[in-house]
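# Remarks on the overall topology
Chain by chain, the residues run as shown.
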Amino acid sequence: MNEFLEQCRSAIGTQYVIDESADMAGYLTDWRRRFTGKALAVLKPGSTDEVAALVRLCNTHRVPLVPQGGNTGLVLGSVPDESGKAVVLSLTRLNAIRATDLINNTMTVEAGCILQTVQEAASAADRLFPLSLAAEGSCTIGGNLATNAGGTAVLRYGNMRDLCLGLEVVTAQGEVWSGLRGLRKDNTGFDLRDLFIGAEGTLGIITAAVLTLFPQPKARLTALAAMNTPEDALRLLTLAQGYCGATLTGFELMSDFCLQLVATHYPQMKLPFAQSSPQYVLLELSDNESAEHAEALLEHLMSDALEQEVIHDAVVASSIAQSKALWQLREHIPLAQADEGKNIKHDVSVPISDIGAFISRTDALLADAFPGCRLVTFGHLGDGNLHYNVSPAAGEAGDALIACQADISRVVHDSVDHFGGSISAEHGLGAMKRDEIRRYKSPVEMRLMESIKSALDPLNLMNPGKVV
Ligand SMILES: Cc1cc2nc3c(=O)[nH]c(=O)nc-3n(C[C@H](O)[C@H](O)[C@H](O)COP(=O)(O)OP(=O)(O)OC[C@H]3O[C@@H](n4cnc5c(N)ncnc54)[C@H](O)[C@@H]3O)c2cc1C
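In what follows, the accompanying structure is described. All residue numbers refer to positions counted from 1 along the written sequence of the respective chain. Local features in this predicted model are restricted to residues of pLDDT 70 or higher, and side-chain atom pairs are both shown and tallied only at a pLDDT of 80 or more, whereas totals for entire chains, interfaces and linings draw on every residue. As a rule here, side-chain values come from all non-hydrogen atoms in the structure, and water together with hydrogens is ignored.

## Focus on the pairing of strand 12 (residues 219-227)
- Note on exposure labels: buried denotes an accessible area under 20% of the residue type's maximum, exposed denotes more than 50%, and partly exposed covers the range between, all computed with a 1.4 Å probe on protein chains only. Note on conventions: DSSP H or I runs of at least 4 residues are helices, E runs of at least 2 residues are strands, and numbering of each starts at the N terminus. Of all the nine residues making up strand 12, eight are buried; the element is thus mostly covered by neighbouring parts of the structure.
- Alignment of strand 12 against strand 14 (residues 279-287), held across nine bridges, turns out to be antiparallel. Note that in strand 14 the partner of Thr222 across the bridge is Glu284.
- Paired strands, as defined in this entry, are two strands with at least two bridges between them according to DSSP. One ladder, built from four bridges, connects strand 12 with strand 15 (residues 313-316); its direction is antiparallel. By the bridge assignment, Ala226 is partnered in strand 15 with Asp313.

Written out as structure tokens, the structure reads:
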């Protein structure tokens, strides 16, 4: 392998081939610090041609490679296994914004660009790049595409697949496919772009992308509404879509227990209602007319919802600071749950209309099988996507719960399957759910996925052990 590493050094420069264990450490452990793998080296190419040269070397020497962006993935997709045979291919040096086209409303960016940098560049050009998620200061466009990331505005703008008009990819053989055409219409055969998006680095390496930009909204307005049940939240969603149409950009459900956890662990964060309610919805409108227009829409919506007894209270943020404070309640739920102790996370989706039934059924099944466990249920209700997380009974450390992790996840995932849902709505499969997915996809679906993998990556060098 010395010869391989020497050739890598000649291809991209000695300082970009890292093989000292102390220097590699940060690339080998996943975001949640649950797993640390081993690698032959971390390679940091600076251009698409250098990525291609490295992939060809990996082919020659049969070295597996694990693409990595910001390493914020949550399913162990971006870290190598324990064999020490693979290299980590870090894309972070490919961080140029290559072009902005304000008529086509597109921006061509390299895969290692940090999401927040792209949002800021779009904003500086008086446009919006709408992908938004809590890891946006660290995650990269390449990782966002490879996981088909979702976030808080999918309801209006779609997920990463919907925000991409073209890709540049280094194939598993080390060739460059340039599909950076930025076309909105192109029906000329198989959609290769859609194959690489969401493939988690198992089919090729994304090196650049054409992203779709949108007009900057003139006003953003946030509100929090209190209601009794998830079904009431769904009734509010239908009302909100009727009143607001495309202006509705966020619709997040949070149970009372979620907000109580935030209040306990972050007492400086004030809950806006004097009395608690079983469920809450955080809504966001992005209005292309004016703040007054957004306020009028929300006022009508909320008074109608109160009159119809869909909700029993609501607050509308009257300043950017108040709006941030409401979003912070939502964003602190995972942190507060972690502060509370060990827990088991699920990132699931079901048809939106089944959300209420899914929550009631799964809550009852878990209460029966694991008495006392506490459910931290929140998520992107407008997309049918829930973070259905399980915490131990009050006062318990959580070790007993973690020992039952497989059984608990089986109950949740089987219930998701009962409603025709998905066991990974946003985060992908990685190494964590690779085996689990076989229970829920049909043999035909699995065979099709395996055929695509072996056709594009016959040597199985691209992120092996992940997805399929
Ligand atoms: C606090 C927090 C909040 C999050 N919120 C959300 C959320 O709301 N919605 C959501 O969808 N996700 C969310 N995530 C998950 C994560 O941020 C996303 O999956 C993100 O898109 C990953 O980007 P990354 O650059 O960190 O990718 P990495 O973690 O480095 O990699 C993720 C996967 O993509 C592959 N990959 C990376 N770059 C490339 C490339 N250039 N070419 C091919 N394959 C590549 C890797 O091999 C790996 O399989 C969150 C994570 C955290 C830590």
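## Here we look at the packing of aromatic side chains
- When two rings of Phe, Tyr or Trp (its six-membered ring) have centres within 6.5 Å they constitute a pair, described as stacked for plane angles under 30 degrees, edge-to-face for angles over 60, and tilted for the intermediate range. Tallying each qualifying case throughout the model produces five aromatic pairs.
- Ring centres 6.1 Å apart and planes at 80° place the aromatic pair Phe358 and Phe419 in the edge-to-face group. Note that Phe358 is positioned in helix 13 (residues 355-369) and Phe419 in the loop between helix 15 (405-418) and helix 16 (443-456), a separation of 61 residues in sequence. For the pair Phe358 and Phe419, a shared accessibility class is recorded, and that class is buried.
- Counting every residue linked through ring pairs, the aromatic cluster contains Phe358, Tyr388 and Phe419.
- Directly above the aromatic system of Tyr16 lies the positively charged group of Arg93, at a separation of 3.4 Å from the ring centroid. Note on criteria: charge over ring means Lys NZ or Arg CZ within 6 Å of the ring centre, with the direction from the centre no more than 35 degrees off the ring normal.

## So, the packing of helix 11 (residues 320-331) against helix 12 (residues 333-340)
- Working convention: axes come from line fits to C-alpha atoms, limited for helices to the stretch in contact. Angles between N-to-C directions cover 0 to 180 degrees. Their axes nearest at 5 Å, the elements helix 11 and helix 12 cross at an angle of 40°. One way to sum up the angle between helix 11 and helix 12 is to call them oblique. Of helix 12, the residues touching helix 11 (which contributes Leu329, Arg330 and Glu331) are Ile333, Pro334 and Leu335.
- Gly is put with the polar residues, along with every residue not named as nonpolar or charged; the nonpolar set is Ala, Val, Leu, Ile, Met, Phe, Trp, Tyr, Cys and Pro, and the charged set is Asp, Glu, Lys and Arg. Among the residues making up the contact of helix 11 with helix 12, the classes are represented as four nonpolar, no polar and two charged. Any angle between 65 and 115 degrees counts as roughly perpendicular, while under 35 counts as roughly parallel, over 145 as roughly antiparallel, and the rest as oblique. Every residue pair with non-hydrogen atoms within 4.5 Å of one another is taken to be in contact.

## Comments concerning the sheet that holds strand 12
- In space, the seven strands of this open sheet follow the order 15-12-14-13-17-18-16, with antiparallel pairing throughout. Both edges of this open sheet fall to strand 15 and strand 16 (347-349), since each of them pairs with a single strand only. Within the sheet, the average angular offset between the axes of one strand and its neighbour, ignoring direction, is 20°.
- As judged from the two bridges shared by strand 13 (residues 248-255) and strand 17 (residues 374-380), these two strands associate in the antiparallel manner. Of the residues in strand 17, the one forming a bridge with Met254 is Phe378.
- Across the sheet, helix 10 (residues 291-307) is in contact with strand 12, strand 14 and strand 15; its angle to strand 14 comes to roughly 150°.

## Some thoughts on the site of the ligand
- Surveying the vicinity of the ligand reveals 34 residues, the closest of which are Pro67, Gly69, Thr72, Gly73 and Thr140.
- Definition of a polar contact: a pair of N or O atoms within 3.5 Å, with one able to donate and the other able to accept a hydrogen when the atoms are protein atoms, and with sequence-neighbouring residues admitted only if both atoms are side-chain atoms. Separating an oxygen atom of the ligand from a backbone N or O atom of Pro67 is a distance of 2.6 Å.
- In this structure, an oxygen atom belonging to the ligand sits 2.8 Å away from a side-chain N or O atom of Asn144.
- For accessible areas, the Shrake-Rupley method is used with a probe of radius 1.4 Å. Any residue's cover is judged against the shown protein chains and nothing else. Compared with its free state, where it exposes 970 Å², the ligand has 93% of that area covered by protein.
- Ranked by residues supplied to the shell around the ligand, first place goes to helix 5 (residues 141-146) with four residues.
- Residues belonging to the shell around the ligand are distributed by class as follows: 13 nonpolar, 19 polar and two charged. Any residue with at least one heavy atom within 4 Å of a molecule or strand is counted as near it.

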